[in-house]
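Structural characterization, general
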Amino acid sequence: MPQVADKIKDHARLFNEPEYQELFERKKAFECGASDEVVAKQSDYINSWEYREKNLARQALTVNPAKACQPLGAMFASVGFEKTLAFNHGSQGCTAYFRSHLARHFKEPCAAVSTSMTEDAAVFGGLNNLIDGLQNAYTVYKPKVIAVSTTCIAEVIGDDLTAFIQNARTKEAIPQDFPVVKANTPSFVGSHINGYDALIKGVFTCFWEGKERGEVTPRVNIIPGFDGYAVGNNRELKRIFAEFGIDAAIISDVSDQFDTPTDGKYRMFDGGTTYQQVEEAINASATISMQKYCTEKTLDFVKEKGQPVHAFHYPIGIKGTDDLLMTLSEITGKPIPESLEMERGRLVDAMADSSNWLHGKTYSIFGDPDFVYGMAQFIMELGGEPVHLLATNGGKEWEAEMKALLATSPYGAKGQVWPGKDLWAMRSLLATEPCDFLIGSSYGKYLEKDLGIPLIRLTFPIFDRHHHHRFPTWGYQGGLRVLVTILDKILDELDRETMKTGISFDLVR
Ligand code: SF4
């Protein structure tokens, strides 16, 4: 066998050994697959315009959507509050999926519990599971708050969270005054961004219950939204607040929870927004959402309390950051600090230094609606041209906003907006109208393999690269990081190409 104890080969190399290759061939023969000619013919067909039309007309089936289900967003939002236990009312498998999804991206564990519903609960209801689950979770993990969200099964059978939680109090599974946040997160509608929204609204509803807005305090609430770069971005936001001298509270701050140090101490809960901050948030000057589509219901709720709200689309680059800083300045009455103006100038300088490599490159982008918007805006600032812009969880409003954005620049002329489409649709789009680069999550690597369009990983989830989330993408500093990520890919590809010919394989680019 090729595997020996003193030199262990990883699977990528091991399975290339002749023994395994032979095994794969035998497996192929056993499976009676189609001949290479038939496969090649079918491959050509799925790259055709004829197939593209059929693929885009498809409605009854989704293949590889660029989104996840609602409870994932709720779990992400839950762990951004101090000592808060994410509690999933549903089957264990769902909870395992959410935890592993987050752990694979952040390379950190994500503590969460489940009511472990099985067949009997699906038939008779999950009341007993919820009561036992709350009692166990409260007793064993001693959280400050439990944040309950639901999965498909609990929603399909119509479990009543409010009544069930009250039942748990009556039966003394948890104390009468123990705070339980709840969010209904049916997975058969919406996506993780709606789950995020539902949970944040649930937190405000729970802690602002019976309260009205009092005397306004000069403080700003910032809701980051579902963000795979939250560790770097939230810390960057705090640095910007410090430069400004602004008192701001990040509502759901996961930056410490997903970046716990190895120092010999186990932290099941780390950092997070304090509940004192949540309670005080009602009197803040304003609430700012960094991602409009992640916070629609929450912002409506905040507005109903009489508090001004502002919403952005994942601010990356010059205009995105300009708008954010000017809004902060307007709300607080503080001027934009000179140090941040210097950072802006440095980003503009870096963009100008590299413009000869950036100008005219074409990109397709997929991901959450706000991310696609912010990224497309920055691409146009860099002299790049967006081609296909796709958000499986984007709707008509997003489509209209995207089109309006593309119309603001001549670089937007090639842009086509695809709300509600999946990555199998993106495959047809790229096969028929290719572009230079694809920007999105790790799931884009199969498109890269199929179509040879290099993937730039810049959103959630990133499973096959490490530690990207530690660096910000927001603010001018974040813009610099995004710029370098894009440039590195452009120059790597150029080197790869010129390596083949030997012509213009230069040291200085
Ligand atoms: S879609 Fe439903 S069953 Fe699947 S992981 Fe989400 S909640 Fe669970």
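Residues numbered from 1 in each chain as written. Predicted model: local features only at pLDDT ≥ 70, side-chain atom pairs only at ≥ 80, totals over all residues. Heavy atoms only, no water.

Some thoughts on helix 5 (residues 70-78)
Residues lying three or four places apart along an α-helix face the same way, a consequence of the helix completing one turn every 3.6 residues. Of all the nine residues making up helix 5, nine are buried; the element is thus mostly covered by neighbouring parts of the structure. Of all the residues in helix 5, the buried ones are Gln70, Pro71, Leu72, Gly73, Ala74, Met75, Phe76, Ala77 and Ser78. If you follow the buried residues of helix 5, they end up packed against strand 1 (84-89), helix 6 (92-106), strand 2 (112-114), strand 3 (145-150), helix 11 (192-207) and helix 12 (230-244). (Buried < 20%, exposed > 50% of the residue type's maximum accessible area, 1.4 Å probe, protein only. Helix = DSSP H or I, 4+ residues; strand = E, 2+ residues; numbered from the N terminus. Contact = heavy atoms within 4.5 Å.)

Details of the site of the ligand
Around the ligand sit Cys69, Cys94, Tyr97, Thr151, Cys152 and Ser187, and those are all the residues in its vicinity. Each residue belonging to the shell around the ligand can be placed in one class, and the counts come to four nonpolar, two polar and no charged. (Near = heavy atom within 4 Å. Nonpolar A, V, L, I, M, F, W, Y, C, P; charged D, E, K, R; others polar.)

As for the packing of aromatic side chains
For the coordinates displayed, the defined rule picks out 19 aromatic pairs. The interplanar angle of 75° and the centroid separation of 4.9 Å between the aromatic rings of Tyr138 and Phe178 together place this pair among those described as edge-to-face. Here Tyr138, found in helix 8 (residues 127-141), pairs with Phe178, found in the loop between helix 10 (161-170) and strand 4 (180-183); they are 40 residues apart in sequence, far enough to count as distant. With a relative accessible area of 7%, Phe178 lands in the buried category. Where Phe204 meets Trp208, the ring centres are 4.2 Å apart and the plane angle is 20°; that geometry is what we call stacked. There is no split in this pair, since Phe204 and Trp208 are both buried. (Phe/Tyr/Trp six-rings, centres within 6.5 Å; stacked < 30°, edge-to-face > 60°.)

As for the sheet that holds strand 6 (residues 248-250)
Read across the sheet, four strands follow the order 6-5-7-8 without closing on themselves; strand pairing throughout is parallel. Whereas interior strands pair on both sides, the edge strands pair on one side only; in this sheet they are strand 6 and strand 8 (309-311). Averaged over all pairs of adjacent strands, the angle between strand axes in this sheet comes to 20°, irrespective of strand direction. Bridging between strand 5 (residues 217-223) and strand 7 (residues 284-289) involves five bridges; their strand directions are parallel. Residue pairing for strand 7: Ile223 is matched across the bridge by Ser289. (Pairing = 2+ DSSP bridges. Axes fitted to C-alpha atoms, helices over the stretch in contact; angles between N-to-C directions.)

What about the pattern of salt bridges?
One pass over the structure, following the stated rule, counts 32 salt bridges. For Asp253, the salt bridge is made with Lys238, and the minimal N-O distance between the two is 2.6 Å. Note that Asp253 is positioned in the loop between strand 6 and helix 13 (275-280) and Lys238 in helix 12, a separation of 15 residues in sequence. Using a relative accessible area of 8% as the deciding quantity, one classes Asp253 as buried. Given the relative accessible area of 33%, Lys238 is considered partly exposed. Among the charged side chains, a salt-bridge network with shared partners connects Arg235, Asp256, Asp259 and Arg470. (Salt bridge = Lys/Arg side-chain N within 4 Å of Asp/Glu carboxyl O.)

Observations regarding the pairing of strand 11 (residues 416-419)
Pairing analysis gives four bridges linking strand 10 (residues 385-391) to strand 11, with the strands arranged parallel. When the bridges of strand 11 are listed, Leu390 appears paired with Trp418. For the handedness criterion, the β-α-β arrangement of strand 10, helix 19 (residues 396-406) and strand 11 is classed as right-handed. (Right-handed = clockwise from strand over helix to strand, strands pointing away.)

Quick notes on the environment of Phe371
Looking at the secondary structure, you find Phe371 in helix 18 (residues 369-381). Considering only alpha carbons, one finds Phe371 and Ile316, 55 residues apart in sequence, at a separation of 8.7 Å.

Read these as layout, nothing more, since geometry by itself doesn't imply function.
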